[in-house]
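This is what each chain is made of:
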Amino acid sequence: MAAGKKQLTSRIVPGFGFLALLWVLVGYILYPALTTLWKSLSVDHGTGIGRYVEFFTSSSSLQVLQNTLLLGVLTVVLCASVGIGLAFLVHYFECPHRELLDKLLLLPVMMPGIIIVFAFVQLYGESGLVTKTLESLLGLEKTPYSFSGLPGILFVHVYTQYVYFYLTVSLAIKQIDASVIESARVLGASRAKVFRSVILPFTTPAIITAAAVTFMTGIGSFAAPSIIGGGYKVLTTQILLSKANNYMETAAVQVVVLTTISMGFFMVLRWYEKKKLFISSVKGVPFQPIRIRTRRLRWCASGIKLVLVLLILLPFVTIIVLSFVDSGSWMVSIYPQRFTLENFAAIFSKARKFAPFMNSINMSIMAALFCLVVAVPASWIIEKTRNRLRGLVDFLVVLPWAMPASAIAINIITANSTPSVFSFNMVLVGAYVLLPLGYFIKSLPIVVRITHISFQGLNSTLLEASKSLGASGCRTFCKVTLPILYPGLLAGFLYVFVRSIGEYTVSAFLYTASNKPISIAMVNAIFEYDIGLAMAYGTVLIALTVCLSILISRVSPVLR
């Protein structure tokens, strides 16, 4: 009797848990996306494609679409040029201090995009330090360049997104089998032939993967186009404009168009990854970096690397230095005249200025916990079970990766603007919980990937041995499963926290007076000409992000 009850319980609990997981994934990822699609099809007195006809026959809408695609393509081309070149410079050729340089080159991807944009504005904007210095040195009557529009956006994109190419191509170079290169040289192949026949095929999958990710990121970019885009309009900024004017049907059409483009590249990427499975272990002879024989070329390479490191560090140094500036004393002069600690004192002593900081911490913790609660069972089902619906779970947890952040935000708004079973029969628009919900959805695919790798290291034999020795399921989980998964889970938690604490795009769509995050507080401070306070917020974010990134690299080899 007891054994039958125990067996019944062992079936009911996992079944209930699986249904709860599906309820969350369908209710907060699939249902909002379908709600937006349905809203885009709503026309007067029914449904139809009238709004899409209107979109694709409007010259202004087509211009915005063209701008978006052009931005994505140019971002890929420029980021590929910089990222691939750096990967070869650092990992294909001999490079002193390679490990340190590698970490410095990864800095931009760890920083919230909104901080980078503001740093560039303070350096290269119309009143920026570099701009005014050049203007003064050259005796110019007007600024030598305009840091706005498409060139300004591309400058920011290259700085923040070349890392995708750098990371993947660097990894591909490390995987090259040196014996293949040696064999080709022994058979008389020239250096150019070796590059075309050996090096290029090895690195092509990495380049294509990085290109797809960069394109999706480029067309979904919001911070740079909204702050320095000027008259260069793209879909993400138009979505916010439509939402602000309460044209939600128009916003829904723009979201569906943007998501469809991103989804198309995502599907191509998944197909290509399955077709060209990347080999993650070195076989044969490990690749050894090649020595640059000519001294002049070595000096040239070192000079390029030094300039790049300075360019990478300059925005961070600028933010930190300007965080000590007395904003009132820096209104008419080119350079700051007076430095003070009052900006930091204001953040940590005045409740109104401290509130955004605490809001961001609280919501980032909530998002990280949501992610773990969903990612752990989802990864377990995908990796360790033969459940017939695991393909559906895999699709739903990865789906947000193909959605731009602005699309995720609009999906949440449309789904929660009317009562539904997933909103517990309430209207949640304007509620505190929607913003951490947005952070959660945006970060879920990455956390699932991290926990998925952790589950791959969990040997089923250990679990069976624990059970055969009489341990209960709870004891097996605490003593066997959790210690193995712990580093990955902690890394996933910290990763979501780092991504969420300075997040701007989802925040701009979903924040309210009760949960204004630090990124919005920074923007408000800039528009109120309180540069010192905005940079102080940025410095606090940089300090938090650097500390947590170091902790992530320590606790989990997955993200190293």
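What counts and how
- Residues numbered from 1 in each chain as written.
- Predicted model: local features only at pLDDT ≥ 70, side-chain atom pairs only at ≥ 80, totals over all residues.
- Heavy atoms only, no water.
- Helix = DSSP H or I, 4+ residues; strand = E, 2+ residues; numbered from the N terminus.
- Rg over C-alpha atoms; globule rule 2.2 N^0.38 Å.
- Buried < 20%, exposed > 50% of the residue type's maximum accessible area, 1.4 Å probe, protein only.
- Contact = heavy atoms within 4.5 Å.
- Axes fitted to C-alpha atoms, helices over the stretch in contact; angles between N-to-C directions.
- Parallel < 35°, antiparallel > 145°, perpendicular 65-115°, else oblique.
- Left-handed = near helix turned anticlockwise from the far one by under 90°.
- Nonpolar A, V, L, I, M, F, W, Y, C, P; charged D, E, K, R; others polar.
- Salt bridge = Lys/Arg side-chain N within 4 Å of Asp/Glu carboxyl O.
- Phe/Tyr/Trp six-rings, centres within 6.5 Å; stacked < 30°, edge-to-face > 60°.
- Patch = residues over 30% accessible without salt bridge, like charges linked within 9 Å, V, L, I, M, F, W, Y side chains within 5 Å.
- Areas by Shrake-Rupley, 256 points an atom, 1.4 Å probe, with all protein chains shown as cover.

**Student:** Before we go on, may I ask you to explain the overall build of the protein in this structure?
**Tutor:** Counting its regular elements, the protein contains 24 helices and two strands. For 560 residues, the compact-globule estimate of 2.2 N^0.38 gives 24 Å, and the C-alpha radius of gyration of the protein, at 26 Å, lies within 12% of that figure. Expressed as lengths along the three principal axes of its C-alpha atoms, the size of the protein is roughly 95 × 70 × 55 Å. Expressed as a percentage of its 560 residues, the buried residues of the protein come to 48%. Within the protein, residue pairs in contact and separated by at least 24 positions form 76% of the contacts whose partners lie at least 6 positions apart.

**Student:** How should the packing of helix H16 (residues 351-384) against helix H19 (residues 434-456) be read in this particular structure?
**Tutor:** Geometrically, a packed helix pair is captured by the angle between its two axes and the distance between the axes. One can describe the packing of H16 onto H19 by two numbers: an axis separation of 7 Å at closest approach and a directional angle of 40°. For the element pair H16 / H19, the angle class is oblique. Note that H16 runs across H19; the crossing there is right-handed. In terms of residue class, the contact of H16 with H19 is built from 19 nonpolar, five polar and two charged.

**Student:** Help me understand unusual backbone geometry, please; the structure alone is not making it clear to me.
**Tutor:** Leaving glycine aside, a negative phi is the common case for residues, and trans is the common case for peptide bonds. Even without glycine at this site, Asn-425 takes up a positive phi of about 60°. In this structure, Tyr-529 is a non-glycine residue whose phi angle is positive, near 60°. Tracing the backbone through its elements, the reader meets Tyr-529 in the loop between helix H23 (518-527) and helix H24 (531-555).

**Student:** Please clarify how H23 should be interpreted in this entry.
**Tutor:** One full turn of an α-helix is made of 3.6 residues, so residues set three or four places apart face in the same direction. The element H23 is extensively covered by neighbouring structure, given that eight of its ten residues are classed as buried. Inspection of H23 places Ile-518, Ser-519, Ile-520, Ala-521, Met-522, Val-523, Ala-525 and Ile-526 among the buried residues, and these make up the whole buried set. Positive phi shows up at Tyr-529, right after H23, with a value of about 60°.

**Student:** Explain the pattern of salt bridges to me, please; I cannot follow it from the model alone.
**Tutor:** On inspection of all chains with the given rule, the structure shows five salt bridges. Arg-291 is paired through a salt bridge with Glu-94; the nearest N and O atoms lie 3.7 Å apart. Taken together, the positions of Arg-291 in the loop between helix H13 (248-275) and helix H14 (295-322) and Glu-94 in the loop between helix H3 (59-92) and helix H4 (98-105) put the pair 197 residues apart, joining distant regions of the chain. Across the pair Lys-442 and Glu-503 runs a salt bridge, and its minimum N-O distance is 3.0 Å. Taken as a pair, Lys-442 in helix H19 and Glu-503 in the loop between helix H21 (473-501) and helix H22 (505-510) lie far apart in primary sequence, 61 residues in all. Relative accessible area serves as the criterion here: at 26%, Lys-442 is assigned to the partly exposed category. According to the relative accessible area criterion, Glu-503 is buried, its value standing at 5%.

**Student:** I keep staring at the environment of Gly-532 and nothing clicks. Help me out?
**Tutor:** Of note, Gly-532 is situated in helix H24. For Gly-532 and Leu-399, which are 133 residues apart along the polypeptide, the C-alpha to C-alpha distance reads 40 Å. If we skip the residues at most four places from it in the chain, Gly-532 touches Leu-322, Ser-323, Val-325, Ser-327 and Asn-343.

**Student:** Honestly, the packing of aromatic side chains in this entry has me stumped. Any pointers?
**Tutor:** The geometry of two aromatic rings is summed up by the distance between their centres and the angle between their planes. Overall, the coordinates contain 24 aromatic pairs when judged by the stated rule. Taking the centre distance of 5.5 Å and the plane angle of 45° together, the rings of Trp-23 and Phe-422 count as tilted. In this pair, Trp-23 sits in helix H1 (residues 2-40) while Phe-422 sits in the loop between helix H18 (405-415) and H19, placing the two residues 399 residues apart along the sequence. Overall, the relative accessible area of 31% leaves Trp-23 in the partly exposed class. The exposure class of Phe-422 is buried, given its relative accessible area of 13%. Aromatic rings pair up to connect Trp-23, Tyr-28, Tyr-31, Phe-422 and Phe-424 into one cluster.

**Student:** Would you mind going over a nonpolar patch on the surface with me for this structure?
**Tutor:** Taken together, the side chains of Val-317, Ile-320, Val-321, Phe-324, Phe-339 and Leu-341 make up a nonpolar region of the molecular surface, amounting to roughly 520 Å² of accessible area. Checked against the element boundaries, Val-317 lands in helix H14.

**Student:** I keep staring at the packing of H4 against H14 and nothing clicks. Help me out?
**Tutor:** Interaxial distance between H4 and H14 falls to 10 Å at its minimum, and their mutual angle equals 40°. When the axis of H4 is compared with that of H14, the two are oblique. Here H4 and H14 pass one another in a crossing that is left-handed. For the pair formed by H4 and H14, the contact residues are Leu-101, Leu-104 and Leu-105 on the first element and Lys-305, Val-309, Ile-312 and Leu-313 on the second.

**Student:** Explanation requested: the environment of Ala-351 in the structure shown.
**Tutor:** Tracing the chain through its elements places Ala-351 in helix H16. Separated by 67 residues in the primary sequence, Ala-351 and Thr-418 place their C-alpha atoms 34 Å from one another.

**Student:** Help me understand H18, please; the structure alone is not making it clear to me.
**Tutor:** Of all eleven residues in H18, eleven are buried; the element is thus mostly enclosed. Of the positions making up H18, those classed as buried are Ala-405, Ser-406, Ala-407, Ile-408, Ala-409, Ile-410, Asn-411, Ile-412, Ile-413, Thr-414 and Ala-415.

**Student:** Where do I start with the side chain of Thr-539 in this structure?
**Tutor:** On the secondary structure map, Thr-539 appears in helix H24. Thr-539 has contacts with Ile-319, Ile-320, Ser-323 and Phe-344, leaving out every residue within four places of it along the chain.

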